[in-house]
Amino acid sequence: VNIPVSLQYRVLESRVQDAFYALEDPDHQINSFVLNVIRTAASGLSLEHLYTEKSKITEEVETELKDRLAGYGFAIEAVLIDQPSPPRDVQ
């Protein structure tokens, strides 16, 4: 299942140095953090529930990563999950 996700985040003004030095490739690493949380959250859901439970997955991403990203100097502004789409052979 393909789950399109957009993450909006920003650097915390008080942690600029951490944001610059703590992660080698912040975009890639933050993307990996988000995808890991989504995979875990979506693994137990049926295709129907993926459509109806997008808000719960969004909340889980925000909850799981808020403190973790703050440690690296970043804050999550928004997590946007678009409509999941099954593979073509299932469609």
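My aim in this report is to walk through the structure given alongside it, one point at a time.

## Comments concerning the environment of Tyr 21
- The residue Tyr 21 is located in helix H1 (residues 16–21) in this model.
- Taking the C-alpha atoms as reference points, Tyr 21 and Phe 74, separated by 53 residues in sequence, lie 12 Å from one another.

## Side note on the environment of Ser 14
- Mapped onto the elements, Ser 14 comes out in the loop between strand E1 (5–11) and H1.
- On the basis of relative accessible area, Ser 14 is assigned to the exposed category, the value being 69%.
- For the pair formed by Ser 14 and Gly 73, sequence separation is 59 residues and the distance between their alpha carbons is 7.8 Å.

## Points about the pattern of salt bridges
- Under the criterion given, the structure shown has 3 salt bridges.
- Close ionic contact of Glu 77 with Arg 10 constitutes a salt bridge, the shortest N to O distance being 2.3 Å. Placement of Glu 77 in strand E2 (residues 74–81) and of Arg 10 in strand E1 is noted, with a sequence separation of 67 residues between them.
- According to the relative accessible area criterion, Glu 77 is partly exposed, its value standing at 45%.

## Quick notes on the side chain of Thr 58
- By secondary structure assignment, the location of Thr 58 is in helix H4 (residues 54–70).
- Apart from residues no more than four positions distant in its own chain, Thr 58 is found in contact with Val 79 and Ile 81.

## Looking at the packing of helix H2 (residues 26–43) against H4
- Running from amino to carboxyl end, H2 crosses H4 at an angle of 140°, the nearest separation of the two axes being 10 Å. As judged from the angle between their axes, H2 and H4 are oblique. Remark: the crossing between H2 and H4 carries right-handed chirality. Taking contact as the criterion, the partners of Ile 30, Phe 33, Val 34, Val 37, Ile 38 and Ala 41 in H2 are, on H4, Ile 57, Glu 60, Val 61, Glu 64, Leu 65, Arg 68 and Leu 69.
- When grouped by side-chain class, the residues that make up the contact of H2 with H4 number 10 nonpolar, no polar and 3 charged.

Each value, and the rule that gives it
Residues numbered from 1 in each chain as written. Predicted model: local features only at pLDDT ≥ 70, side-chain atom pairs only at ≥ 80, totals over all residues. Heavy atoms only, no water. Helix = DSSP H or I, 4+ residues; strand = E, 2+ residues; numbered from the N terminus. Buried < 20%, exposed > 50% of the residue type's maximum accessible area, 1.4 Å probe, protein only. Salt bridge = Lys/Arg side-chain N within 4 Å of Asp/Glu carboxyl O. Contact = heavy atoms within 4.5 Å. Axes fitted to C-alpha atoms, helices over the stretch in contact; angles between N-to-C directions. Parallel < 35°, antiparallel > 145°, perpendicular 65-115°, else oblique. Left-handed = near helix turned anticlockwise from the far one by under 90°. Nonpolar A, V, L, I, M, F, W, Y, C, P; charged D, E, K, R; others polar.

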